[in-house]
Amino acid sequence: DARVTQTPRHKVTEMGQEVTMRCQPILGHNTVFWYRQTMMQGLELLAYFRNRAPLDDSGMPKDRFSAEMPDATLATLKIQPSEPRDSAVYFCASGFEQSSYNSPLHFGNGTRLTVT
Amino acid sequence: GQNIDQPTEMTATEGAIVQINCTYQTSGFNGLFWYQQHAGEAPTFLSYNVLDGLEEKGRFSSFLSRSKGYSYLLLKELQMKDSASYLCAVIGRDDKIIFGKGTRLHILP
């Protein structure tokens, strides 16, 4: 059963430290999304890629966040330096270029980040 | 800009029917998803609409009116396991997928 894999599942770090989150999309999917979820804001889109090219990263604080796809099997989201307000669950999701009933967005299990 | 509105919370009784509404304003429209998310878990796909009308799938149905920027998710014969958050998401220009804040549904016995 194909699934999106995210690591780590949980991360606790101190303010100022670098955090790297990784995502392995489902093989064959060509779009990858990064979302951040908090109780107050819900699922916020941070960035997304099509065929490894970034299409929109306007949802990310540019001074501290960066998202890349070094290859088709790996997407990374980095925060440097991290701040307590970055504490949230970060979801990666993958899909096909044209979403449909037969090709919805599939989510990983998320990385729960706590910055103290 | 893009905006998606859903009620924050709803409560319904086991065995009953509930309708969760979603209104949206987006740049471009290429479809609408509904997802279910149980506490502490990832969102899972429920339904997809791109044309006006009703899509039925077991106990769940989803409706879309593109001219009104409106969709609803209808859940019938509610079960306790349906207690979850329900997320409306719009596929906009360039396949950009934006989610609403979700509706927390509480089911009472």
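What comes next concerns the included structure.

What counts and what doesn't
Residues numbered from 1 in each chain as written. Chains lettered and ligands numbered in written order. Predicted model: local features only at pLDDT ≥ 70, side-chain atom pairs only at ≥ 80, totals over all residues. Heavy atoms only, no water. Contact = heavy atoms within 4.5 Å. Salt bridge = Lys/Arg side-chain N within 4 Å of Asp/Glu carboxyl O. Polar contact = N/O pair within 3.5 Å; in protein donor to acceptor, adjacent residues only side chain to side chain. Helix = DSSP H or I, 4+ residues; strand = E, 2+ residues; numbered from the N terminus. Nonpolar A, V, L, I, M, F, W, Y, C, P; charged D, E, K, R; others polar. Disulfide = S-S within 2.5 Å. Buried < 20%, exposed > 50% of the residue type's maximum accessible area, 1.4 Å probe, protein only. Core = buried A, V, L, I, M, F, W, Y, C linked by side-chain atoms within 4.5 Å. Pairing = 2+ DSSP bridges. Axes fitted to C-alpha atoms, helices over the stretch in contact; angles between N-to-C directions.

### Overview of the interface of chain B and chain A
Between chain B and chain A, the contact holds 20 residues from the first and 25 residues from the second. For Lys96 of chain B, the salt bridge is made with Asp56 of chain A, and the minimal N-O distance between the two is 2.7 Å. For the pair chain B and chain A, the interface holds six residue pairs in polar contact (both at pLDDT 80 or more). If you list the elements that add at least two residues to the side of chain B that touches chain A, you get strand S4 (32–37), strand S5 (44–49), strand S9 (84–91) and strand S10 (97–99) of chain B. Classifying every residue of the side of chain B that touches chain A gives 11 nonpolar, one polar and eight charged.

### Observations concerning the state of the cysteines
Residue and element names in this part refer to chain A. Per the counting criterion, the structure on display carries two disulfides over all chains. Here Cys23 pairs with Cys92 through a disulfide, and the sulfurs are 1.9 Å apart. Judged by the sign of its S-S torsion, about -60°, the bond between Cys23 and Cys92 is left-handed. Taken together, the residues Cys23 in strand S3 (residues 19–24) and Cys92 in strand S9 (residues 88–95) connect sequence positions 69 residues apart. Judged by relative accessible area, which is 0%, Cys92 ranks as buried.

### Re the nonpolar core
Within the largest apolar cluster, 40 residues are counted, with the highest numbers of intra-cluster contacts made by Tyr35 and Phe107 of chain A together with Tyr86 and Phe99 of chain B. Counting residues per element, this core draws most heavily on S9 of chain B, at seven residues. Leaving out residues up to four positions away in the same chain, Tyr35 of chain A has contacts with Leu43, Glu44, Leu45, Leu46, Val89, Tyr90, Phe91, Leu105 and Phe107 of chain A together with Ile97 and Phe99 of chain B. Listed in part, the 22 residues of the second largest apolar core include Val19, Ala75, Ile79 and Cys92 of chain A.

### Notes on the sheet that holds strand S8 (residues 74–79) of chain A
All names here are of chain A. Within the open sheet, the four strands sit side by side as S1-S3-S8-S7. Their pairing is antiparallel. Of all strands in the sheet, those with a lone pairing partner are strand S1 (5–7) and strand S7 (65–71), marking the two edges. Going across the sheet, the axis of each strand differs from the next one's by a mean of 20°, ignoring polarity.

### Digging into the environment of Leu27 of chain A
Here Leu27 of chain A shows up in the loop between S3 and strand S4 (31–38). Along the chain, Leu27 of chain A and Arg3 of chain A lie 24 residues apart, while their C-alpha atoms are 8.7 Å from each other.

### So, the pattern of salt bridges
All names here are of chain B. Tallied over the full model, the rule gives 11 salt bridges over all chains. Of the charged contacts in the structure, one is a salt bridge between Glu9 and Arg104, with a shortest N-O distance of 3.7 Å. Taken together, the positions of Glu9 in strand S2 (residues 9–13) and Arg104 in strand S11 (residues 103–108) put the pair 95 residues apart, joining distant regions of the chain. Overall, the relative accessible area of 44% leaves Glu9 in the partly exposed class. In this structure, Asp52 and Arg66 form a salt bridge, with 3.0 Å as the shortest nitrogen-oxygen distance. Of this pair, Asp52 sits in the loop between S5 and strand S6 (53–57) while Arg66 is found in the loop between strand S7 (60–65) and strand S8 (70–75), placing the two residues 14 residues apart along the sequence. The class of Asp52 is partly exposed, set by a relative accessible area of 43%. What makes Arg66 partly exposed here is its relative accessible area of 42%.

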